[in-house]
Amino acid sequence: GAGVSQSPRYKVAKRGQDVALRCDPISGHVSLFWYQQALGQGPEFLTYFQNEAQLDKSGLPSDRFFAERPEGSVSTLKIQRTQQEDSAVYLCASSLAHEGVAFFGQGTRLTVV
Amino acid sequence: DQQVKQNSPSLSVQEGRISILNCDYTNSMFDYFLWYKKYPAEGPTFLISISSIKDKNEDGRFTVFLNKSAKHLSLHIVPSQPGDSAVYFCAAENSGGSNYKLTFGKGTLLTVNP
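It should be emphasised that the depicted structure is a prediction, and the values quoted were computed from it without experimental measurement.

Asks: Explanation requested: the interface of chain A and chain B in the structure shown.
Replies: Size of an interface: often given as the accessible area lost when the parts come together. Every contact between the two is made by 19 residues of chain A and, on the other side, 18 residues of chain B. Summing both sides of the interface, chain A and chain B together bury roughly 1,600 Å²; the carbon and sulfur share of this comes to 60%. Scanning the region where chain A abuts chain B turns up 0 salt bridges. For the side of chain A that touches chain B, the elements supplying multiple residues, two or more each, are β4 (31–37) and β5 (44–50) of chain A.

This is how it looks when you write it as structure tokens:
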């Protein structure tokens, strides 16, 4: 596609439920990032992939968060046993190379009730 | 500890005038800076960037200035248009680092009044 595509756009989860958020990066983009944006804040880094390799996961807030990109294209961010503090917009971004400008998707707004 | 700070949560400007959005950073390892624009319910859209080897970069109505000694950058929009109304995020990167992540400020809501 022309841009970074994320699905679903909105997700409501009951506390304790597992969720999976999908990101389709721009075709050919090597680098893929996940960010978390809380209300009134800027995006905060979660994790970074170069092709299928997860090179940095220092921003993942707990071991309930897990990301994968098995074939170096589509990525999934999984959150297990969701908590209310997980409510945020989850943004995916991709770039052609590690030094390129990152292009963002529209985000998935997760609300945990 | 915020490494990228946008101290003005909001800014209101008249159409046709100049908008100046400011950003300060504390990490001296940052060497690449970007501005993103965000409309409601959309993801951030890249606007303009600057490398630390430059002090100015211009693209149409948008100019970014970098003052390395002051660890300060600013985005100038001239002339401002109502369609420029959005949240503007300043972001910084250490391109010599290993993860190429962006560190964002909290954003400034720009409103351009017709």
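Asks: Just checking my understanding: could you explain the sheet that holds strand β7 (residues 62–67) of chain B for this structure?
Replies: By way of backbone hydrogen bonds, the strands of a sheet pair with one another, either parallel or antiparallel. Residue and element names in this part refer to chain B. Ordered by their spatial adjacency, 5 strands build an open sheet running β1-β3-β8-β7-β6, and the pairing between neighbours is antiparallel. Among the strands making up the open sheet, the edge pair consists of β1 (4–5) and β6 (56–59). Two strands pair when backbone bridges link them, and β1 and strand β3 (residues 19–25) are joined in this way by 2 bridges, in the antiparallel orientation. Within the sheet, the bridge partner assigned to K5 lies in β3 and is D24.

Asks: Can you help me understand unusual backbone geometry in this one?
Replies: Backbone phi values are negative for most residues with the exception of glycine, while trans is the configuration of most peptide bonds. Residue P8(A) follows S7(A) across a cis peptide bond; omega there is -10 degrees. Here P8(A) lies in the loop between β1 (5–7) and β2 (10–13). The linkage connecting V78(B) with the following residue, P79(B), adopts the cis geometry, with an omega of -10 degrees. Take P79(B): it is sitting in the loop between β8 (72–77) and β9 (86–93). The residue N51(A) is not glycine, and still its phi comes out positive at about 55 degrees.

Asks: When you look at the environment of L21(A) in this model, what are you seeing that I'm missing?
Replies: Residues and elements named next belong to chain A. By the secondary structure assignment, L21 is in strand β3 (residues 19–24). For the pair formed by L21 and D63, sequence separation is 42 residues and the distance between their alpha carbons is 16 Å. Here L21 is in contact with S7, P8, W34, S75, T76, L77, Y90 and T108, once residues within four sequence places are set aside.

Asks: How do you make sense of the pairing of β4(A) when you look at a structure like this?
Replies: Walk down a regular strand and you will see the side chains alternate between the two sheet faces. Residues and elements named next belong to chain A. The buried count for β4 comes to 7 of 7 residues, which makes it a mostly enclosed element. What you see with β4 is no split at all: S31, F33, Y35 and Q37 on one side and L32, W34 and Q36 on the other are buried throughout. Bridging between β4 and β5 involves 6 bridges; their strand directions are antiparallel. If you follow F33 over to β5, its bridge partner there is Y48. Counting the residues that bridge the hairpin from β4 to β5 gives 6 residues, and of these G40 lies at a positive phi of roughly 80 degrees. Here β4 runs beside strand β9 (residues 88–95); their pairing, made up of 7 bridges, is antiparallel. From the neighbouring strand, S31 faces β9, where its bridge partner is S95.

Asks: Hey, could you run me through the side chain of T103(B) in this one?
Replies: Along the polypeptide, T103(B) turns up in strand β10 (residues 103–104). Given a relative accessible area of 19%, T103(B) falls into the buried group.

Asks: Can you walk me through the packing of aromatic side chains in this structure?
Replies: Two numbers describe a pair of aromatic rings. These are the distance of the centres and the angle of the planes. Residue and element names in this part refer to chain A. Inspection of the entire model under this criterion finds 13 aromatic pairs over all chains. Look at F65 and Y90: their rings are 6.5 Å apart centre to centre, the planes differ by 40 degrees, and that puts the pair in the tilted class. Taken as a pair, F65 in strand β7 (residues 65–68) and Y90 in strand β9 lie far apart in primary sequence, 25 residues in all. The same class applies to F65 and to Y90, which are both buried.

Asks: Hey, could you run me through the nonpolar core in this one?
Replies: Nonpolar side chains in soluble globular proteins generally cluster together in the buried interior. Counting 23 residues, the largest nonpolar core has F33(B), W35(B), L73(B), L75(B), I77(B) and Y88(B) as its most contacted members. At the level of elements, β3, β4 (32–38), β5 (45–51), β7, β8, β9 and β11 (108–113) of chain B are the ones that each hand at least two residues to this core. For this core, the element with the most residues is β9(B), which contributes 4 residues. If we skip the residues at most four places from it in the chain, L73(B) touches L21(B), N22(B), C23(B), Y25(B), F33(B), W35(B), V64(B), F65(B), L66(B) and C90(B). One finds V19(A), L21(A), C23(A) and F65(A) within the second-largest nonpolar core, a separate group that totals 20 residues.

About the cut-offs
- Positions within a chain are numbered from 1, following the residues in the order the chain's sequence is written.
- Written order decides the labels, with chains lettered from A and ligands numbered from 1.
- With the structure being a predicted model, the display of local features is reserved for residues of pLDDT at least 70 and the display and counting of side-chain atom pairs for 80 or more, all residues being used for whole-chain, interface and lining totals.
- Calculation of side-chain values draws on the structure's entire complement of heavy atoms; hydrogens and water are dropped beforehand.
- Note on contacts: a residue pair is in contact if any heavy atoms of the two residues lie within 4.5 Å.
- Once two parts are put together, the accessible area they lose, assessed with a 1.4 Å probe and summed over both, is termed the buried area.
- Salt bridges, as used here, are contacts in which a Lys or Arg side-chain nitrogen is within 4 Å of a carboxyl oxygen on Asp or Glu.
- Where helices and strands are cited, they refer to DSSP runs of H or I of at least four residues and of E of at least two residues respectively, numbered from the N terminus.
- In short, DSSP must find at least two bridges between two strands for them to pair.
- Each residue is assigned to one of three classes by its accessible area relative to the maximum for its type, calculated with a 1.4 Å probe on protein chains only: buried under 20%, partly exposed between the two thresholds, exposed over 50%.
- Only rings of Phe, Tyr and Trp enter the pairing, Trp through its six-membered ring, and a pair is recorded when the two centres are within 6.5 Å. The plane angle decides the type: under 30 degrees is stacked, over 60 is edge-to-face, the rest tilted.
- Among the buried residues, those of types Ala, Val, Leu, Ile, Met, Phe, Trp, Tyr and Cys that are joined through side-chain atoms within 4.5 Å form a nonpolar core.

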